[in-house]
Amino acid sequence: MPLDPAPTTPTTPTTPSASATPAPPVRFWPVEDLPALDPDPLLDELLREEPVARIKLPYGAGHAWLVTRYEDVRFVTSDPRFSREEVVGRDVTAMRPVPVASRTAGLQYIDPPRHTRLRRVVARAFTGRSMRRLRPLAERRAAGLLDGMERAGAPADLMEHLHGPFPIALIRDFLGVDEKDWHRWAETGEALLSAGADSEERAREAARTTRARITELLRQRRTEPREDLAGVLAQAAAAGEITDDEAVSLAIAVQVSGGHAVRNNSGSMMYALLTHPAQLDRLRREPELLPRAVEELFRYVPHRNGVGIPRIATEDVEVGGRLIRAGDVVYNAYLAANRDPEVFPDPDALDFDRRGAAAHVAFGHGPHHCLAAAMARMEAEVMIGSVLARFPGIRLAVPPERVEFQRQGLIRGPRALPVTW
């Protein structure tokens, strides 16, 4: 599902000029754990006062530029002079000691035209037809999980009963993983996205385990074809459209984003609703608002800590009045862009009547815009809609400040979400 057109027209200059101001000093950004859904205060400060800043992160070498304004983020993420492929083999300042995905293949660290070729293959699994086929299955999965929560009785942990198992089960169905294996896949997804130094070996082991499982699944699909993502990737590899290594890396990327990330992001969405009773009550009374509410929740919820994959400038480019030199590292702060008051007035408010909410950049922008965006939207609608229909009186079972959130992770979300009804 494409993003709506931006509410404003980007005006970022595309060529260097003498007006570019001198480089600012480098700030160290430790990217510490934040309470619940609190925005990062550094991002708020930079968005207001220094929208193109220089930073150093806890790991790696050197420094990087950090871009926070909406129009600048969209500019950098869509301009071919900023390359992800150039990151390969470079020791750049980063949030974690181990890369989440392979830098030798996959969509994360490559540029067009190779990126276009691989994306075209994966897109075969994310068709409108496949999403229509998947939605009734998703609704049945959610209903079955909520049956179990109702039997267990209140209070219950929504993360344990719904937000944890649901996206893992659905991505398992989509990828083609056997049902008996989904618990193990969930555990490795968590480890893959741990960020602390003490979790480095755990993350490396999770990467090795995940790669071995995906390789075996793709091998099975060579002899047992099915209409799932593993089947699409195995067929493309057999036909020579992609390499075996590319097929593995693509499957890993979908598993990480479609399982662990959806778990935490959807849990954060439900926490946002449970701590905004007026909006929650309105959604109960007006369920037809759900698609619009989900878009606003994607904009509002800080779905990650810090920043994601950087880019390298391949030539001198001026961004937001700063001259970024060829070879410089550039990070984009999607979280800050989604709170840019020039595009989203009163950005810290959760407003289901907001115009242009669907122009958010929670799924990225440009060639690397998330392929699974339509699936993530569908999952959020199914989870939220199913909970409100089954438990119209749902509310937190503990004060909001006692809800524990993930620590030392790249993806933010509740560790547990105790509710009653």
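Remember, it's a predicted structure, so these values are computed and weren't measured experimentally.

Each value, and the rule that gives it
- Residues numbered from 1 in each chain as written.
- Predicted model: local features only at pLDDT ≥ 70, side-chain atom pairs only at ≥ 80, totals over all residues.
- Heavy atoms only, no water.
- Helix = DSSP H or I, 4+ residues; strand = E, 2+ residues; numbered from the N terminus.
- Buried < 20%, exposed > 50% of the residue type's maximum accessible area, 1.4 Å probe, protein only.
- Contact = heavy atoms within 4.5 Å.
- Areas by Shrake-Rupley, 256 points an atom, 1.4 Å probe, with all protein chains shown as cover.
- Axes fitted to C-alpha atoms, helices over the stretch in contact; angles between N-to-C directions.
- Left-handed = near helix turned anticlockwise from the far one by under 90°.
- Nonpolar A, V, L, I, M, F, W, Y, C, P; charged D, E, K, R; others polar.
- Pairing = 2+ DSSP bridges.
- 1 Å grid on protein atoms, 1.4 Å probe; cavity = no way out; pocket = protein on both sides within 12 Å on 5 of 7 lines; lining within 4 Å.
- Points joined across faces, edges and corners; volume = space filled by probe spheres on them.

(A) Examining the overall build of the protein more closely. Counting its secondary structure elements, the protein contains 14 helices and 11 strands. Considering the protein as a whole, with its 421 residues, one finds that 56% of them fall into the buried category. A separation threshold of at least 6 residues defines the contact pool for the protein, and within that pool the share at least 24 residues apart is 75%. Roughly 17,600 Å² of accessible area belongs to the protein as shown, and the carbon and sulfur atoms make up 52% of that amount.

(B) Focus on the packing of helix α4 (residues 128-152) against helix α14 (residues 373-390). The geometry of α4 relative to α14 is characterised by a closest axis approach of 10 Å and an angle of 35° between their N-to-C directions. Considering how the two elements wind past one another, α4 and α14 form a crossing that is right-handed. The residues of α14 that touch α4, namely those facing Met131, Leu134, Arg135, Ala138, Glu139, Ala142, Ala143, Leu146, Asp147 and Glu150, are Met375, Met378, Glu381, Val382, Ser386, Val387 and Arg390. For the contact of α4 with α14, the residue count by class is 10 nonpolar, 1 polar and 6 charged.

(C) Fine view of the sheet that holds strand β2 (residues 52-56). Strand order in this open sheet of 6 strands is β1-β2-β3-β9-β6-β4, and the pairing throughout is mixed. Edge positions in the open sheet fall to β1 (26-28) and β4 (82-83), since each of these has one partner strand only. Here 4 bridges tie β2 to strand β3 (residues 64-67), and the two strands are oriented antiparallel to one another. Each residue of the ladder has a partner; that of Arg54, found in β3, is Trp65. Against the sheet, helix α1 (residues 41-49) touches β1, β2 and β3, its axis set at about 160° to β1. Across the sheet, helix α2 (residues 70-78) touches β2, β3, β4, β6 (311-313) and β9 (329-332), and the angle it forms with β9 is around 125°.

(D) Quick look at the pairing of β9. Of the two faces of β9, the one carrying Val329 and Tyr331 and the one carrying Val330 and Asn332 are both buried. Bridge count for β3 against β9 is 3 bridges, and the pairing is parallel. Paired with Trp65 across the strands is Val330, a residue of β9. Pairing of β6 with β9 involves 2 bridges; the strand directions are antiparallel. Across the sheet, Arg311 pairs through a bridge with Val330, a residue of β9.

(E) Molecular detail of the layout of surface pockets. In this model, the second largest pocket occupies a volume close to 350 Å³. Lining the second largest pocket we find 19 residues, and of these Arg124, Arg226, Glu227, Asp228 and Val232 sit closest to its centre. The element that contributes the greatest number of residues to the lining of the second largest pocket is helix α9 (residues 229-238), accounting for 6 residues. Partitioning the lining of the second largest pocket into residue classes produces 7 nonpolar, 4 polar and 8 charged.

(F) Structural context of the sheet that holds strand β5 (residues 156-157). Spatial ordering of the open sheet is given by β5-β11-β10, a layout of 3 strands whose pairing is antiparallel. Of all strands in the sheet, those with a lone pairing partner are β5 and β10 (395-396), marking the two edges. Relative to strand β11 (residues 418-420), β5 is paired through 2 bridges, and the arrangement is antiparallel. Each bridged residue has a counterpart across the sheet, and for Asp157 the counterpart in β11 is Pro418.

(G) Representation of empty space enclosed by the protein in the model. What the rule picks out here adds up to 4 cavities of 30 Å³ or more. Of the pockets and cavities examined, the largest cavity occupies roughly 100 Å³. Lining the largest cavity, in full, are Pro39, Asp40, Leu43, Asp44, Arg299, Tyr300, Val301, Pro302, Leu335, Ala336, Arg339 and Arg412. Secondary-structure elements contributing two or more residues to the lining of the largest cavity are α1, α12 (290-300) and α13 (334-337).

(H) Region of interest: unusual backbone geometry. In this structure, Pro113 follows Pro112 across a cis peptide bond, with omega equal to 5°. By the element assignment, Pro113 lies in the loop between β4 and α3 (114-123). Omega for the bond connecting Ala154 with Pro155 falls within 30 degrees of zero, at -5°, which places this linkage in the cis form. Take Pro155: it is sitting in the loop between α4 and β5. Even without a glycine there, the phi angle at Asp346 is positive, about 50°. Tracing the chain through its elements places Asp346 in the loop between α13 and α14.

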